[in-house]
Amino acid sequence: MPHDAVALAPVRRRPTAWRRTIGALLRREREAQGLRLTDVAARARLSPQYLSEVERGRKEPSSEVLAALTEALGLTLVDLARGIAEVLGAPAASGASGRPVLVLTSSPAAVGAAPVGAPAGLVAAPHQDGALLLAA
């Protein structure tokens, strides 16, 4: 059964707020440290062209690339995540002790037990909106 070929017009996507924010945060930190794009790219074992596209929000970096970039800048992925949350306006959650917590939308079978594979010392507690809060 023959099919008619349909010419597809190229779709121009706008970078998401997520990609733009990641890129802007990485660029801001790089510039604050007085580093050139080529310096950070070499440390992270990336091409300068790829890093430039990440900083401009044109490429969505994998978790491995983000880990390499944050390490090259002397940051952690947690530092980057906090920066993203601040820029995008997400309130930082914290427990009664003031320690940061992670809000999940699904819960393990037993409240108080950490999910399977979670780091030792993780404690789970129900949140008022039905989510589960995890604190280390």
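Residues numbered from 1 in each chain as written. Predicted model: local features only at pLDDT ≥ 70, side-chain atom pairs only at ≥ 80, totals over all residues. Heavy atoms only, no water.

J.: Even after reading the chapter, I still don't get the overall build of the chain, so can you show me in this structure?
T.: Counting secondary structure elements, the chain contains 5 helices and 3 strands. Tracing the chain from N to C terminus, the helices and strands come up as α-α-α-α-α-β-β-β. Considering only intrachain contacts with a sequence separation of at least 6, the fraction spanning at least 24 residues in the chain is 52%. (Helix = DSSP H or I, 4+ residues; strand = E, 2+ residues; numbered from the N terminus. Contact = heavy atoms within 4.5 Å.)

J.: Please clarify how the pattern of salt bridges should be interpreted in this entry.
T.: Pairing of side chains with opposite charge becomes possible as their charged atoms draw close. Summed over all chains, the structure comprises 5 salt bridges. Across the salt bridge formed by Glu55 and Arg27, the nearest N and O atoms sit 3.0 Å from each other. Of the two residues, Glu55 sits in helix α3 (residues 48-55) while Arg27 sits in helix α1 (residues 17-32), which places them 28 residues apart along the sequence. Its relative accessible area of 27% is what places Arg27 among the partly exposed residues. The structure contains a network of salt bridges with shared partners spanning Arg27, Arg30 and Glu55. (Salt bridge = Lys/Arg side-chain N within 4 Å of Asp/Glu carboxyl O. Buried < 20%, exposed > 50% of the residue type's maximum accessible area, 1.4 Å probe, protein only.)

J.: I tried to follow the packing of α1 against α3 on my own but got confused; where do I start?
T.: Two measures define how a pair of helices packs: the angle their axes make with one another and the distance between the axes. In the contact formed by α1 and α3, the axes pass within 7 Å of each other and the chain directions differ by 115 degrees. Where α1 approaches α3, its residues Arg19, Gly23, Ala24, Leu26, Arg27 and Arg30 are matched on the opposing element by Ser52, Val54 and Glu55. Its residues placed into classes, the contact of α1 with α3 shows 3 nonpolar, 2 polar and 4 charged. (Axes fitted to C-alpha atoms, helices over the stretch in contact; angles between N-to-C directions. Nonpolar A, V, L, I, M, F, W, Y, C, P; charged D, E, K, R; others polar.)

J.: Explanation requested: α3 in the structure shown.
T.: Quick reminder: α-helices carry 3.6 residues per turn. Residues three or four places apart thus point the same way. Among all positions of α3, only Leu51, Ser52, Val54 and Glu55 are buried. All buried residues of α3 lie within an arc of 160 degrees about the axis, which places them on one face of the element. For α3, the secondary structure elements touched by its buried residues are α1, α2 (37-44) and α4 (63-72). Among the residues trailing α3, Gly57 stands out with phi positive, at a value near 75 degrees. (Arc of directions from axis to C-beta.)

J.: Can you help me understand the environment of Glu29 in this one?
T.: Residue position: Glu29 is located in helix α1. You can call Glu29 partly exposed: its relative accessible area is 25%. Considering only alpha carbons, one finds Glu29 and Thr70, 41 residues apart in sequence, at a separation of 9.5 Å. Glu29 has contacts with Leu73 and Leu75, leaving out every residue within four places of it along the chain.

Limitation: the analysis is restricted to geometry and does not speak to function.
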